[in-house]
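# Fold and contact review
The residues making up each chain are set out below.
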Amino acid sequence: MGIIVNLDVMMARRKMSLNELADRVDLTVSNLSILKTGKARAIRFSTLEALCRELECQPGDLLAYNNEDSEVE
Amino acid sequence: MLITGRRSLTTVLRLILDFILVLNLLTLILLPFILDALYRDPGILRQLDSSPALWPDETGLRSDYPSDLPPGSRPFYLVFLYASGLGTAWILTEGHFILRRLEKNQPFAKQQVGSFRRVALAFAWLTLVFAVKIIFYNTLLTMFCCGLFFVLALIGLILSEVFLNAWQVKTENELTV
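Throughout this description, residue numbers start from 1 for each chain and increase along the sequence as written. Chains carry letters from A onward and ligands carry numbers from 1 onward, assigned in written order. Two thresholds apply to this predicted model, a pLDDT of at least 70 for residue-level local features and 80 or more for giving and counting side-chain atom pairs, whereas whole-chain, interface and lining totals are computed over all residues. The side-chain quantities take in all heavy atoms of the structure and omit both hydrogens and water.

## Examining the interface of chain B and chain A
Two residues qualify as a contact provided that any one of their heavy atoms is within 4.5 Å of a heavy atom in the partner residue. Contacts between the two partners involve 4 residues from chain B, matched on the other side by 11 residues from chain A. Buried area is understood as the total, over both parts, of accessible area removed when two parts are fitted together, assessed with a 1.4 Å probe. Between chain B and chain A, the buried area comes to about 760 Å², and carbon and sulfur atoms account for 57% of it. Considering only the surface of chain B that becomes buried against chain A, B:Leu175, B:Thr176 and B:Val177 emerge as the three largest contributors, covering 79% of it. Between Lys or Arg on one side and Asp or Glu on the other, a salt bridge is scored when a side-chain nitrogen of the former is within 4 Å of a carboxyl oxygen of the latter. The tally of links between chain B and chain A comes to 1 salt bridge. For the salt bridge of A:Arg41 with B:Glu172, the shortest nitrogen-to-oxygen distance reads 3.6 Å. Under this definition, polar contacts are N or O atom pairs within 3.5 Å; protein pairs additionally need one hydrogen-donor-capable and one acceptor-capable atom, and for neighbouring residues in sequence, both atoms have to be side-chain atoms. Linking chain B to chain A there are 5 residue pairs in polar contact (both at pLDDT 80 or more). In this count, Pro and Cys sit with the nonpolar residues alongside Ala, Val, Leu, Ile, Met, Phe, Trp and Tyr, while Asp, Glu, Lys and Arg are called charged and the others, Gly among them, polar. The residue makeup of the side of chain B that touches chain A, split by class, is 2 nonpolar, 1 polar and 1 charged.

## Quick look at unusual backbone geometry
With a phi close to 50 degrees, B:Arg7 is a non-glycine residue in the positive phi region. Every helix listed is a DSSP run of H or I at least four residues long, and every strand listed is a run of E at least two residues long, numbered separately from the N terminus. Position of B:Arg7 among the secondary structure elements: in the segment before α1 (9-40).

## Remarks on helix α2 (residues 18-25) of chain A
All names here are of chain A. Each residue is placed in one exposure class: buried if its accessible area under a 1.4 Å probe, protein chains only, is under 20% of its type's maximum, exposed if it is over 50%, and partly exposed if it falls in between. Among the residues of α2, those classed as buried are Leu18, Leu21, Ala22 and Val25. Buried residues along α2 cover an arc of 100 degrees about the axis, so they all sit on one side. Every exposed residue of α2 that faces more than 90 degrees away from the buried side is listed here: Asn19 and Asp23. Its buried side turned inward, α2 meets α1 (7-13), α3 (29-36) and α4 (45-55). The reported arc concerns the directions from the helix axis to the C-beta atoms and nothing else.

## Thoughts on the side chain of B:Glu103
All names here are of chain B. Secondary-structure assignment places glutamate 103 in helix α3 (residues 74-103). Within the structure, glutamate 103 has its side chain in polar contact with the side chain of threonine 11 (distance 3.3 Å). Once residues lying within four places of it in the same chain are set aside, the contact partners of glutamate 103 are Gly5, Arg6, Thr10, Thr11 and Arg14.

## Side note on the packing of aromatic side chains
Residue and element names in this part refer to chain B. Pairing of aromatic rings covers Phe, Tyr and the six-membered ring of Trp, with a centre-to-centre limit of 6.5 Å; geometry is then stacked below 30 degrees between planes, edge-to-face above 60, and tilted otherwise. If you walk through the whole model with that rule in mind, you get 11 aromatic pairs over all chains. Pairing phenylalanine 76 with phenylalanine 136 gives two aromatic rings, centres 5.4 Å apart and planes at 50 degrees, and the pair type is tilted. Taken together, the residues phenylalanine 76 in helix α3 and phenylalanine 136 in helix α4 (residues 110-136) connect sequence positions 60 residues apart. Plain terms: the ring middles of phenylalanine 76 and tyrosine 137 are 5.0 Å apart, the flat faces sit at 65 degrees to each other, and that makes the pair edge-to-face. Within this pair, whereas phenylalanine 76 is found in helix α3, its partner tyrosine 137 is found in the loop between α4 and α5 (140-174), the two being separated by 61 residues in sequence. Following the ring pairs from residue to residue traces out a cluster consisting of Phe76, Tyr77, Phe80, Phe123, Phe130, Phe136, Tyr137 and Phe149. Note on criteria: charge over ring means Lys NZ or Arg CZ within 6 Å of the ring centre, with the direction from the centre no more than 35 degrees off the ring normal. Seen from the ring of tryptophan 167, lysine 110 lies directly overhead, with NZ or CZ sitting 4.6 Å from the centre. Here the basic side chain of lysine 133 rests over the ring of phenylalanine 80, its NZ or CZ set 5.9 Å away from the ring centre.

Right under this line is the structure:
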């Protein structure tokens, strides 16, 4: 997958734990863990919005694109 | 009553399939003896086949043998019935596993795809076996079964693709955060 999720970086910057963030954005820890470890296949706008709100960042701070890992040719 | 899940209609169907599977395996084990009995008294099979026998017996007269069961055909039928019986047992076994997954509320598990592919393969095998019978001892019922098994093989193949798509959508949905 060419999309990299930088959730762990933003969480470290904000000094926020996975449990605390999961609580704030109303997601289960396992779902947030799927997102954090890069196993997620898609993300809802509502989830992205909640993450940006709680981590006080932009979507671009959470997501990045890596051309080399892209599955689409 | 529930249709899928534990103690549902699926369970009833699975138990019926399991019972047929046991009968199938028993028949396969006893097949040589059953065939011996049938060839000793072919009148038993005549009840299933009303068409007149075309093969004369030792006396030169038409015998009690059904039209597609002439004397001396025992080796062919032994192989034919073992081949078709094993194919049927294969289908029933896969049916058992498919229904077990429905009982566990895992209708779109990845294994369902493999099971339906194997069911399609088993029906293709039955089509081949019945096609061989058409060449040697043809009846209308044999041709009908051959055509039916071919259609069922195609349906099994299509269902495996449908379940593959369903599994992909389910995985995608589960990994959407």
